[in-house]
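# Topology and contacts: notes
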Amino acid sequence: MNARVLIILYLGVVLLPLGLAAASGRPPRSFWDELASGAGLLAFAIILVEFVLSGRFRTVSRRLGMDMTMRFHQLIARTALLLALLHPFLYLAPFNPPYVWDWSRQLTLYFEAEGLITGTVAWLLLATLVALGMARRQLDHRYETWRLMHGLGALLIAGLLLDHSLVAGRYSQDPAMVYLWTGLFAVAVLSLAYVYILKPFQQTRRPWTVRGVRPLGPRTWELTLDPEGHDGLTFDAGQFVWLNVGSSPFSVYENPFSLSSAPGDGPHLQFVIKELGDFTRTVGSIAPGTRAHVDGPYGHLVVSGRPDPGIVLLAGGVGIAPMMGILRELRHRGDGRPRLLVYGNRIAEQIAYADELAEMAEDPEMTLVHVVSEPPADWTGRTGVVDGALLKELFAETPAMRDWLFVICGPPAMIEGAEKALIDLGVPRNQIESERFQYD
Ligand SMILES: Cc1cc2nc3c(=O)[nH]c(=O)nc-3n(C[C@H](O)[C@H](O)[C@H](O)COP(=O)(O)OP(=O)(O)OC[C@H]3O[C@@H](n4cnc5c(N)ncnc54)[C@H](O)[C@@H]3O)c2cc1C
C-alpha cells in the first residue's frame, strides 16, 4: 500500500460519517445546526483514527515516514480540538435561532442530559490532553508518565464521545452510524491492545541479551545485543527499533533507537546511544547478560532497493547511528555506487567509529568529510557545520551529486537547514530521506 492509497483511505474513513449523515434523508435544520453536527462528526472520526496514527503501525509509518506520521498526528489532533470546541457553540450561538418548540433550549438539554454530560467531560478532557501534549516539554514529568496519561486519556475521551454521539447525536443514532462508531471505537481499543498487550507478548517470545556496552566518545555508548534462542530480527539497514532493557515488555519503559549494525553483520544488534535523560544516562552501567526486548523494525531511512546512482549521507552527532548501518550494509552487498559521508560534530572527540570510517574511505567509491565546529588546534579537516554553504561547495566539487539520494539524520536544526539547502540547490524532494530523533 503506497502513501497515496493510505491518504485516500484516511480521507474516506474520516469523511464517511459526514457522507452517511448527508445521505440520511432527515429534514434539514438551520445551517448553523448542520455545521455544528458536521464539526462534531468530523472531530469524533478524526479522534478515533488518531489511535492508528500513533507511529506504532508499520504499514503507516513506513509509508509516510515516522516524522510525517507524528507531525500529522499532532496537527490533526489540534484540528479535531478546534472542531470539537466549535461544536457546542454553533448550536448555542445567538445567530442560530432555537427551535420554535424549544425556544429556551431547555427541552433539548433535559432529554439529552446524559449525552451532554459525557460530551462536556470529553470536551474538557480533549482540550486538556491536547494542551498537555503541546506543553509536554515544558512540564516536569517523566516521558513514561506522560505517555501513559496520553494513551489512557485518549481512550477515556473516545469512550465518552461514543456515549455522547449515540445518546445525543442526531445522525449518530441511525443504524449505519451506530455500526460505524462502534466499529471505529473497537479499532481504537484494539490498536491499544495491540501495542500494549500483543506486541509485548510477542517480545517475550523473542528476548535479547546485552552482550556489552563500550564508550564511543563523551557521553556516547555502543550497546550490543544478542538474540536469545531465536534467529534475530529481519530489518533494513538504517531502520530503528523500540528498545527496552531490563524491564518487562509490558511496561512503558522503551525508547526508540536506530540500528547502527547492518543485517549482514550477523544476528546481533548494535546501537549508538547518547546520554540525554533518565534511560540513556544509565546505558554506560548496563551489565552484560541483562535481558532486553526489541519492537521493530520501524522507519523509512532505507537505501536498499533504491535505484539512485549515488548516495550522500549527512550525519550530525549521534545521527551517525543509522548511517553506520547503511554504510556497513553497502559494503556487505558489494554495492559499487559512489557514496559520500558528511559527518558533523561539535568537537573531534565526538567522532564515533573514526578508524572504521577511515578504513571504509580507502574504497575509491567512498568519500568521507568530517566537519567539526569547535576544532582542536591541529585539525586539518573542514570546520563549521553541515549547512547550505558546505553543501554548495560539495556540489561544486561533484556536480553529479544532484541525481544522488540524500539521507539526513541529526539535530532538527541541521536536518531542516540541509533539506532546505538541497531543495534550493535543485534536488527533488523524493531524493531526500531524513529522520529526526524526535518522536513527539
Ligand atoms: C526514530 C528515532 C531514532 C532515534 N535514534 C537514536 C539513536 O540512534 N541514538 C540516540 O542516542 N538517540 C536516538 N533517538 C533519541 C532517543 O530515543 C532519546 O534520546 C531517548 O528516548 C531519551 O530517553 P531518556 O529516558 O534518556 O530521556 P528522557 O529525559 O526520558 O527523554 C528525553 C526526550 O526523549 C524523548 N523520549 C524519551 N522517551 C521516549 C520514548 N519512550 N519514546 C519516544 N521518545 C522518547 C522525548 O522527546 C523526551 O522528551 C532516536 C529517537 C527517534 C524518535
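Residues numbered from 1 in each chain as written. Predicted model: local features only at pLDDT ≥ 70, side-chain atom pairs only at ≥ 80, totals over all residues. Heavy atoms only, no water.

## Overview of the pattern of salt bridges
Where side chains of opposite charge bring their charged atoms close, a pairing between them can arise. The final tally for this structure, using the stated rule, is 26 salt bridges. Residue Glu-356 pairs with Arg-331 through a salt bridge whose shortest N-O separation is 3.7 Å. With Glu-356 in helix α10 (residues 354–360) and Arg-331 in helix α9 (residues 320–332), the pair connects residues that are 25 residues apart, well separated along the chain. The network of salt bridges with common partners includes Arg-56, Arg-147, Lys-199, Glu-254 and Asp-295. (Salt bridge = Lys/Arg side-chain N within 4 Å of Asp/Glu carboxyl O. Helix = DSSP H or I, 4+ residues; strand = E, 2+ residues; numbered from the N terminus.)

## What about the site of the ligand?
Residues in close proximity to the ligand total 24 residues, the closest being Glu-254, Pro-256, Val-272, Lys-274 and Thr-280. At 2.8 Å, a side-chain N or O of Asn-255 approaches an oxygen atom of the ligand. Within the backbone of Phe-279, a nitrogen or oxygen atom sits 2.9 Å from an oxygen atom of the ligand. Surface burial for the ligand is 90%, taken as the share of its 890 Å² of free accessible area covered by protein chains. Those elements that place two or more of their residues in the shell around the ligand are β3 (240–245), β4 (255–258) and β5 (269–274). Taken together, domain 1 (3–203) and domain 2 (208–298) each give at least three residues to the shell around the ligand, which thus spans both. (Near = heavy atom within 4 Å. Polar contact = N/O pair within 3.5 Å; in protein donor to acceptor, adjacent residues only side chain to side chain. Areas by Shrake-Rupley, 256 points an atom, 1.4 Å probe, with all protein chains shown as cover. Domains from an automatic or database assignment.)

## Looking at the environment of Ala-354
Among the structural elements, Ala-354 can be located in helix α10. Given the relative accessible area of 35%, Ala-354 is considered partly exposed. Along the chain, Ala-354 and His-370 lie 16 residues apart, while their C-alpha atoms are 9.7 Å from each other. (Buried < 20%, exposed > 50% of the residue type's maximum accessible area, 1.4 Å probe, protein only.)

## Let's talk about the sheet that holds strand β9 (residues 366–372)
Here six strands make up an open sheet; going across it, the order is β10-β9-β8-β7-β11-β12 and the pairing parallel. Whereas interior strands pair on both sides, the edge strands pair on one side only; in this sheet they are β10 (382–383) and β12 (432–436). Here strand β7 (residues 311–316) pairs with strand β8 (residues 339–345) via six bridges, running parallel. Each residue of the ladder has a partner; that of Val-312, found in β8, is Leu-340. Strand contacts of α9: β7, β8, β9 and β11 (405–410), with the helix running at about 150° to β7, the strand carrying the most contacts. (Pairing = 2+ DSSP bridges. Contact = heavy atoms within 4.5 Å. Axes fitted to C-alpha atoms, helices over the stretch in contact; angles between N-to-C directions.)

## A word on the domain arrangement of the protein chain
Domain boundaries assigned for the protein chain yield domain 1 (3–203), domain 2 (208–298) and domain 3 (311–436). Computed from C-alpha atoms alone, the centre-to-centre distance between domain 2 and domain 3 is 24 Å. Every contact between the two is made by 19 residues of domain 2 and, on the other side, 16 residues of domain 3. Of the roughly 1400 Å² buried at the junction of domain 2 and domain 3 (both faces included), carbon and sulfur atoms supply 60%. At the boundary of domain 2 and domain 3, one finds zero salt bridges. Mapped by element, the contributors of at least two residues to the side of domain 2 that touches domain 3 are β1 (208–217) and β5. Among the residues making up the side of domain 2 that touches domain 3, the classes are represented as eight nonpolar, seven polar and four charged. (Buried area = accessible area lost by both parts, 1.4 Å probe. Nonpolar A, V, L, I, M, F, W, Y, C, P; charged D, E, K, R; others polar.)

## Observations concerning the packing of aromatic side chains
The final tally for this structure, using the stated rule, is 11 aromatic pairs. Ring plane angle 75° and centroid distance 5.0 Å describe the contact between Phe-31 and Trp-32, whose orientation is recorded as edge-to-face. In this structure an aromatic cluster arises from ring pairing among Phe-240, Trp-242 and Tyr-298. The lysine or arginine in question, Arg-56, covers the ring of Trp-242, its NZ or CZ lying 3.8 Å from the ring centre. (Phe/Tyr/Trp six-rings, centres within 6.5 Å; stacked < 30°, edge-to-face > 60°. Lys NZ or Arg CZ within 6 Å of the ring centre and 35° of its normal.)

## Re the environment of Ala-262
For Ala-262, the position within the fold is in the loop between β4 and β5. For Ala-262, a relative accessible area of 0% translates into the label buried. Expressed as a C-alpha distance, the spacing of Ala-262 and His-332, which sit 70 residues apart in the sequence, is 8.5 Å. Contacts of Ala-262, omitting those with residues within four sequence positions, involve Phe-235, Gly-325, Arg-328, Glu-329 and His-332.

## Notes on helix α1 (residues 3–22)
An α-helical turn contains 3.6 residues, so any two residues separated by three or four positions project in the same direction. Taking 1.5 Å per residue, 20 residues should reach 28 Å; α1 reaches 28 Å between its end C-alpha atoms and fits that length. Its axis deflected by about 45° at Leu-15, α1 carries its strongest bend there, up to four residues before the proline Pro-17. Those residues of α1 that sit buried are Leu-6, Tyr-10, Val-14, Pro-17 and Ala-21. Packed against the buried residues of α1 are α2 (31–50), α3 (58–64), α4 (66–92) and α8 (175–204). (Expected span 1.5 Å × (residues − 1). Bend = angle between axes of the 7 residues up to and from the residue.)

## Points about the packing of α2 against α8
It is at 9 Å that the axes of α2 and α8 come closest, and there the two elements cross at 30°. Considering their axes alone, α2 and α8 lie roughly parallel with respect to each other. Contact residues: Leu-41, Phe-44, Ala-45 and Leu-48 in α2; Met-177, Trp-181, Leu-184, Phe-185 and Ala-188 in α8. (Parallel < 35°, antiparallel > 145°, perpendicular 65-115°, else oblique.)

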